[in-house]
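Structural characterization, general
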Amino acid sequence: MPALAPAAVRIDEQDIRLLPKAEVHVHLEGTFALVDLLRLAKENGVALPGPAATIFDVSTHDAFVRPEITTGGTAHGVGGAGLSGFLRFLDWQCGLVRTPEQAARIAYAFAARQTASGIRYSDVIVNPTHWNAWHGREIELMQALAAGLDEAEQDGLCVTNIAYSLLRTQTAIEAEQAVAALVGHRPSRVVALSIDGDEKASGPTGEKFRTAFRAAEAAGLHRTVHAGESSGPAGVWDALDHLHAERIDHGVRSIEDPVLVQRLVDEGIPLDVCPRSNITLGLYPDWASHPLPLLVEAGVRVTLNTDDPAPLACTLDEDWAVAAGAFGYGRPELVRFAAESIRASFADDDLKRDLLAELSDLEVAT
Ligand code: ADE
Ligand code: ZN
């Protein structure tokens, strides 16, 4: 009989939840709980696109599936419809949020969900193009969300700031107008400008959004950009060179370019990695093929996130446990991920200092 490999020590999710940590790559649009979705649909008298039991299985809803896109994801339905079908589902879902009270409720529920995973601070990405009842009223949407986040913080839940996201298919003018509105109104809790959406649906965005990003930078807004997900390393170069991105969301395909990896290391640019999202959306076939450990070994700063936890049916604490099992990480590595998440976040310096001190006290005590 062949000898059995020694069982890896499994990290208890309860221990993971107790680690003070931040999540910096999570889309508000990807956090609606089933119960919230059903309530919104009922309040608005809108029919569900499919059975409630499989609502997040985008591949089963004709309205969201483009047959020509089969990215090959296997673990969950999202992969079958590809990223673009998934983004259309987000449009439908966010279209159900029509009043300031509903928006505040979704933001509050987000903070509660984060807290349940032991997340103490979040940079949440919000892309107003998905929220079709708010087109032309994007600043009001930000204010309504901030009201929910304020109430959540007062109730002791996770502290959250907002990364206002452009859709990569928007025009330069739309991007510049969005930034002008942000700079003019300075809605509370909006601390960053972001880009998301399907990299395959548009060419590089560096040239197009350069002016908008420069204006955001001059106004003191942080910058984070989705790149190196469906595009290769070129998207990451573009985001660094033209948009002065401080962090890259995903960025995993940087591993294909050693010169880029060295640049990320030298400049200390964190990659906000979401392995489960990459696997479910078909970028990598399984955890074993994911480049996260290679990036870490190369010395790249890496944060470990969920992206869209509700439709991906995951939580951050579970995903950290799965990553630990898949890559052989023990508590010291997870503590390093926790510290990196706090350092890489756009939280204010006092909160960062407090969370890092709490993390280090916890380590001394254990
Ligand atoms: N918006 C929500 N999830 C996304 C993802 N995984 N990539 C790009 N844009 C997104
Ligand atoms: Zn994302």
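Parameters at a glance
- Residues numbered from 1 in each chain as written.
- Chains lettered and ligands numbered in written order.
- Predicted model: local features only at pLDDT ≥ 70, side-chain atom pairs only at ≥ 80, totals over all residues.
- Heavy atoms only, no water.
- Axes fitted to C-alpha atoms, helices over the stretch in contact; angles between N-to-C directions.
- Helix = DSSP H or I, 4+ residues; strand = E, 2+ residues; numbered from the N terminus.
- Parallel < 35°, antiparallel > 145°, perpendicular 65-115°, else oblique.
- Contact = heavy atoms within 4.5 Å.
- Nonpolar A, V, L, I, M, F, W, Y, C, P; charged D, E, K, R; others polar.
- Phe/Tyr/Trp six-rings, centres within 6.5 Å; stacked < 30°, edge-to-face > 60°.
- Buried < 20%, exposed > 50% of the residue type's maximum accessible area, 1.4 Å probe, protein only.
- Donors = N, O, S within 2.8 Å, 3.2 Å for Na, K, Ca; no water.
- Tetrahedral: all angles 85-135°; square planar, octahedral: opposite > 155°, others 65-115°.
- pLDDT = per-residue confidence, 0-100.
- Expected span 1.5 Å × (residues − 1).
- Near = heavy atom within 4 Å.
- Polar contact = N/O pair within 3.5 Å; in protein donor to acceptor, adjacent residues only side chain to side chain.
- Pairing = 2+ DSSP bridges.
- Right-handed = clockwise from strand over helix to strand, strands pointing away.

One way to put it is that helix α6 (residues 172-185) packs onto helix α7 (residues 206-218) with a least axis distance of 8 Å and a crossing angle of 10°. On the basis of the axis angle, α6 is roughly parallel to α7. Touching Ala172, Ala175, Glu176, Val179 and Val183 of α6 are Lys208, Phe209, Thr211, Ala212, Ala215 and Ala216, all from α7. Within the contact of α6 with α7, the residues separate by chemical class into 8 nonpolar, 1 polar and 2 charged.

Okay, the packing of aromatic side chains next. Here the structure, examined in full by the defined rule, presents 7 aromatic pairs. Measuring from ring centre to ring centre gives 6.2 Å for Trp287 and Phe327, while their planes differ by 50°; the resulting arrangement is tilted. One end of the pair, Trp287, is in the loop between α10 (275-280) and α11 (292-297); the other, Phe327, is in helix α12 (residues 316-327), and 40 residues separate them in sequence. Considered together, Trp287 and Phe327 belong to a single accessibility category, that of buried residues. Grouped by ring-pair contacts, the aromatic residues Trp287, Trp320, Phe327, Tyr329 and Phe337 constitute a single cluster.

Glancing now at the coordination of the zinc ion (ligand 2). Looking at the zinc ion (ligand 2), one finds its protein donor set to be His25 (NE2), His27 (NE2), His226 (NE2) and Asp307 (OD), positioned 2.0 to 2.2 Å from the metal centre. Because the angles between the 4 donor atoms bound to the zinc ion (ligand 2) fall within 81 to 172°, the donor set is best described as irregular. Between consecutive donor residues of the zinc ion (ligand 2), the sequence gaps follow H-x1-H-x198-H-x80-D. You can see His25 sitting in strand β1 (residues 21-27) and its partner His226 sitting in strand β5 (residues 222-227), a full 201 residues away along the chain.

Let us look at the confidence of the model for the chain. Averaged over the chain, the pLDDT score is 91; the fraction of residues at 70 or greater is 92%. This stretch, residues 1-7, has a pLDDT under 50; its non-local contacts, to residues over four places away or in other chains, come to 0 contacts. Low confidence marks residues 66-80, where pLDDT is under 50. Its contacts with residues over four positions away, or in another chain, come to 38 contacts.

For Ser345, the location among the structural elements is in the loop between α13 (331-344) and α14 (349-365). Excluding residues that lie within four positions of it along the chain, Ser345 makes contacts with Ala22, Val24, Tyr121, Asp123, Arg247 and Lys352.

With that out of the way, let us pick up unusual backbone geometry. Generally, phi is negative for residues other than glycine and the peptide bonds are trans, each holding for most cases. Even without being a glycine, His250 presents a positive backbone phi close to 75°. Summarising the element assignment, His250 is placed in strand β6 (residues 247-250). Notably, Asp307 is not glycine yet its phi reads approximately 80°, a positive angle.

Spanning 17 residues, helix α4 (residues 100-116) covers 25 Å between terminal C-alpha atoms, matching the ideal 24 Å at 1.5 Å per step. Buried within α4 we find Gln102, Ala103, Ala104, Ile106, Ala107, Phe110, Ala111 and Gln114. Of the surrounding elements, those touching the buried residues of α4 are β1, α2 (34-44), β2 (119-126), α5 (138-154) and β3 (159-167). Immediately downstream of α4, the backbone of Gly118 shows phi near 80°, a positive value.

Here we come to the site of ligand 1. Taken together, 13 residues sit near ligand 1, with His27, Gly197, Glu229, Asp307 and Asp308 positioned nearest. Residue Asp308 places a side-chain N or O atom 2.7 Å away from a nitrogen atom belonging to ligand 1. Element by element, the count of residues in the shell around ligand 1 is highest for helix α3 (residues 78-94), at 4 residues. Looking at side-chain class alone, the shell around ligand 1 contains 5 nonpolar, 4 polar and 4 charged residues.

It is worth spelling out the pairing of β6 at this point. Side chains on a regular strand alternate between the two faces of the sheet. Relative to β6, β5 is paired through 4 bridges, and the arrangement is parallel. Bridged to His226 within β6 is Asp249. For the crossover from β5 across helix α8 (residues 233-243) to β6, the handedness is right-handed. Running through helix α9 (residues 258-267), the crossover from β6 to the neighbouring parallel element strand β7 (residues 271-273) is right-handed.

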